[in-house]
Amino acid sequence: QVQLVESGGGLVQAGDSLRLSCTVSGLTFSDHAMDWVRRFPGKEHEFVSSINWEGGTKYYADSVKGRFTISRDNSKNTVFLQMNGLEPEDTATYYCVSRRRRYSGNYVSPSDYAFWGQGTQVTVSS
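Every value quoted in this text rests on a predicted model; they were computed, and no experiment measured them.

Enquirer: Can you walk me through the overall build of the protein in this structure?
Expert: When you go through the protein residue by residue, the secondary structure sums to zero helices and eleven strands. When the helices and strands of the protein are read in sequence order from the N terminus, they spell out β-β-β-β-β-β-β-β-β-β-β. The C-alpha atoms of the protein give 13 Å as radius of gyration, which agrees with the globular expectation for 126 residues (14 Å, within 12%). Dimensions of the protein, computed from C-alpha atoms along their principal axes, come out at roughly 40 × 30 × 25 Å. Burial status across the protein gives 44% buried among its 126 residues. Considering only intrachain contacts with a sequence separation of at least 6, the fraction spanning at least 24 residues in the protein is 59%. Summing over all exposed atoms, the protein offers an accessible surface of approximately 6300 Å²; the carbon and sulfur share of this is 46%.

Enquirer: Is there a simple way to think about the nonpolar core in this case?
Expert: The tendency in soluble globular proteins is for nonpolar side chains to be buried side by side. Core analysis: the biggest nonpolar cluster contains 32 residues, and Met34, Trp36, Phe68, Val79, Leu81, Met83 and Tyr94 have the highest contact counts within it. When residues of this core are traced back to their parent elements, those giving at least two are β3 (18-25), β4 (34-39), β5 (45-51), β7 (68-73), β8 (78-83), β9 (92-99) and β11 (120-125). Residue contributions to this core peak at five residues, all from β9. Contact partners of Val79, with chain neighbours within four places excluded, come to Leu20, Ser21, Cys22, Phe29, Met34, Trp36, Ile51, Ile70, Ser71, Arg72 and Cys96.

Enquirer: In this structure, what is going on with the sheet that holds β7? I would like to understand it.
Expert: Overall, antiparallel pairing links the four strands, which are arranged β1-β3-β8-β7 in an open sheet. Two strands close off the open sheet at either side, each with one partner strand: β1 (3-7) and β7. Taken over all neighbouring pairs, the strand axes of this sheet differ in orientation by 15 degrees on average, direction set aside. Where β1 meets β3, five bridges bridge the pair, whose relative direction is antiparallel. Residue Val5 lies in a different strand from β3, and its bridge partner there is Thr23.

What counts and what doesn't
Residues numbered from 1 in each chain as written. Predicted model: local features only at pLDDT ≥ 70, side-chain atom pairs only at ≥ 80, totals over all residues. Heavy atoms only, no water. Helix = DSSP H or I, 4+ residues; strand = E, 2+ residues; numbered from the N terminus. Rg over C-alpha atoms; globule rule 2.2 N^0.38 Å. Buried < 20%, exposed > 50% of the residue type's maximum accessible area, 1.4 Å probe, protein only. Contact = heavy atoms within 4.5 Å. Areas by Shrake-Rupley, 256 points an atom, 1.4 Å probe, with all protein chains shown as cover. Core = buried A, V, L, I, M, F, W, Y, C linked by side-chain atoms within 4.5 Å. Pairing = 2+ DSSP bridges. Axes fitted to C-alpha atoms, helices over the stretch in contact; angles between N-to-C directions.

All we've got here are geometric facts, nothing functional implied.
Below you can see the structure in the form of C-alpha cells.
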C-alpha cells in the first residue's frame, strides 16, 4: 500500500519559517520525481515546487522563488520543503505528490501525478 505522509505545517507569524516533510512508503522512492502543490480555499491546486529523482533538478513557482527550498533524502524516502520568509499569502493546504516518471517540471501535471499525501495546513498571520 502506497502512503505519503506530510508533517510540519502549523500557525506562524509573517516572516517565520517552517519545514514540511513527506515520508513515502510502498514504492521505490528514487524512481519518482516529487512535487509540492498547495490549495487555497475555493481554488484549484497551485504548483509550488518539484524535484527530480536524484535531486539534481529543481523547479519553483515564481511566487516562492528565493524563499522556499525543496530537497530529498532517498535513503530516508523523504522529500522536504523549507519555507522561509512566510507571508499571509502562503496560507494554504500543502500536499506532497509523486510523479509517475523520474523527471520533474514547473507545472501541475494531473496525468503524471500518481499518489497524494493527506495535506498539511500552513497558516501565516500578519
